[in-house]
Amino acid sequence: FELDSVINSKEMNLRQFLDYFKEKHRLEITMIARGIKILYAFFMSPKKQKERMNLTITELVEMVSKKKLEAHVTCLQLELCCDDEEGEDIEDVPCVKYHLCR
């Protein structure tokens, strides 16, 4: 998947990212990771999930990794775990190339 980070002139937040995949690809994201860092997972506490929903993907990556993205970074590779509409795990979900608007 390739995905631009901007919706209505603003970078998408986690909620918008999840909704995009649900509406456009009919996939329920159960986990998002960047390398070994888990950005979102269905098994996180409701409090942690709520705290992350309004963060942009960039803010989320920086918060979880505890460092700012370097200026030369133009895209992020995100790994997804997803379920289909019947709740079945999808095994071969391609990585997301998330293009940053800088």
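Attention here is on the structure that accompanies the text. Note that this is a predicted model, so its numbers are computed, not measured.

It is worth spelling out the overall build of the chain at this point. When helices and strands are tallied, the chain shows three helices and eight strands. For a compact globule of 102 residues, the expected C-alpha radius of gyration is about 13 Å, and the chain comes in at 13 Å, within 12% of that figure. The contacts of the chain with a sequence gap of at least 6 include a subset with a gap of at least 24, amounting to 57%. Entry remark: accessible area of the chain is about 6800 Å², with carbon and sulfur atoms responsible for 49%. Charge separation in the chain, taken as the distance between the mean sites of 16 positive and 19 negative side-chain charges, equals 10 Å.

This part is about the environment of Glu-70. For Glu-70, the position within the fold is in the loop between α3 (57–65) and β6 (75–83). In this structure Glu-70 comes out as exposed when scored by relative accessible area, which is 52%. Separated by 64 residues in sequence, Glu-70 and Val-6 have C-alpha atoms that sit 19 Å apart.

A word on the state of the cysteines. Under the definition given, this model contains zero disulfides. Not engaged in a disulfide, the cysteine Cys-81 finds its nearest cysteine sulfur in Cys-82; these two sulfurs lie 7.2 Å apart. We classify Cys-81 as partly exposed; its relative accessible area is 31%. Cys-95 takes part in no disulfide bond, and the closest cysteine sulfur, belonging to Cys-81, lies 10 Å away.

Moving on, we get to the pattern of salt bridges. In the structure shown here, the tally under the stated rule is four salt bridges. A salt bridge links Glu-28 to Lys-22; the shortest N-O distance between them is 3.1 Å.

In this section: a nonpolar patch on the surface. Together, Ile-38, Phe-42 and Phe-43 line one region of the surface with nonpolar side chains, adding up to about 330 Å² of accessible area. With respect to the helices and strands, Phe-42 occurs in the loop between β5 (37–41) and α2 (46–53). Residue Phe-42 is classed as exposed on the basis of its relative accessible area, which comes to 56%.

Right, let's get into the pairing of β5. Pairing of strand β4 (residues 28–34) with β5, which is carried by four bridges, proceeds in the antiparallel orientation. The residue of β5 that forms the bridge with Ile-32 is Tyr-40. The turn joining β4 and β5, which pair antiparallel and follow one another in sequence, is formed by two residues; a positive phi near 65° is taken by Gly-35.

Here we take up the packing of aromatic side chains. Taken as a whole and assessed by the stated rule, the structure comprises four aromatic pairs. When the ring of Phe-17 is compared with that of Tyr-98, the centres are 6.1 Å apart and the planes differ by 70°; the resulting orientation is edge-to-face. In this pair, Phe-17 sits in helix α1 (residues 14–25) while Tyr-98 sits in strand β8 (residues 96–99), placing the two residues 81 residues apart along the sequence. With respect to class, Phe-17 is no different from Tyr-98; both count as buried. Between Tyr-20 and Phe-21 the ring centres are 5.2 Å apart and the planes differ by 85°, which places this aromatic pair in the edge-to-face class. Here Tyr-20 falls in the partly exposed class, since its relative accessible area comes to 24%.

Basis of the calculations
Residues numbered from 1 in each chain as written. Predicted model: local features only at pLDDT ≥ 70, side-chain atom pairs only at ≥ 80, totals over all residues. Heavy atoms only, no water. Helix = DSSP H or I, 4+ residues; strand = E, 2+ residues; numbered from the N terminus. Rg over C-alpha atoms; globule rule 2.2 N^0.38 Å. Contact = heavy atoms within 4.5 Å. Areas by Shrake-Rupley, 256 points an atom, 1.4 Å probe, with all protein chains shown as cover. Lys, Arg positive; Asp, Glu negative; His and termini not counted. Charge placed at Lys NZ, Arg CZ, Asp CG, Glu CD. Buried < 20%, exposed > 50% of the residue type's maximum accessible area, 1.4 Å probe, protein only. Disulfide = S-S within 2.5 Å. Salt bridge = Lys/Arg side-chain N within 4 Å of Asp/Glu carboxyl O. Patch = residues over 30% accessible without salt bridge, like charges linked within 9 Å, V, L, I, M, F, W, Y side chains within 5 Å. Pairing = 2+ DSSP bridges. Phe/Tyr/Trp six-rings, centres within 6.5 Å; stacked < 30°, edge-to-face > 60°.

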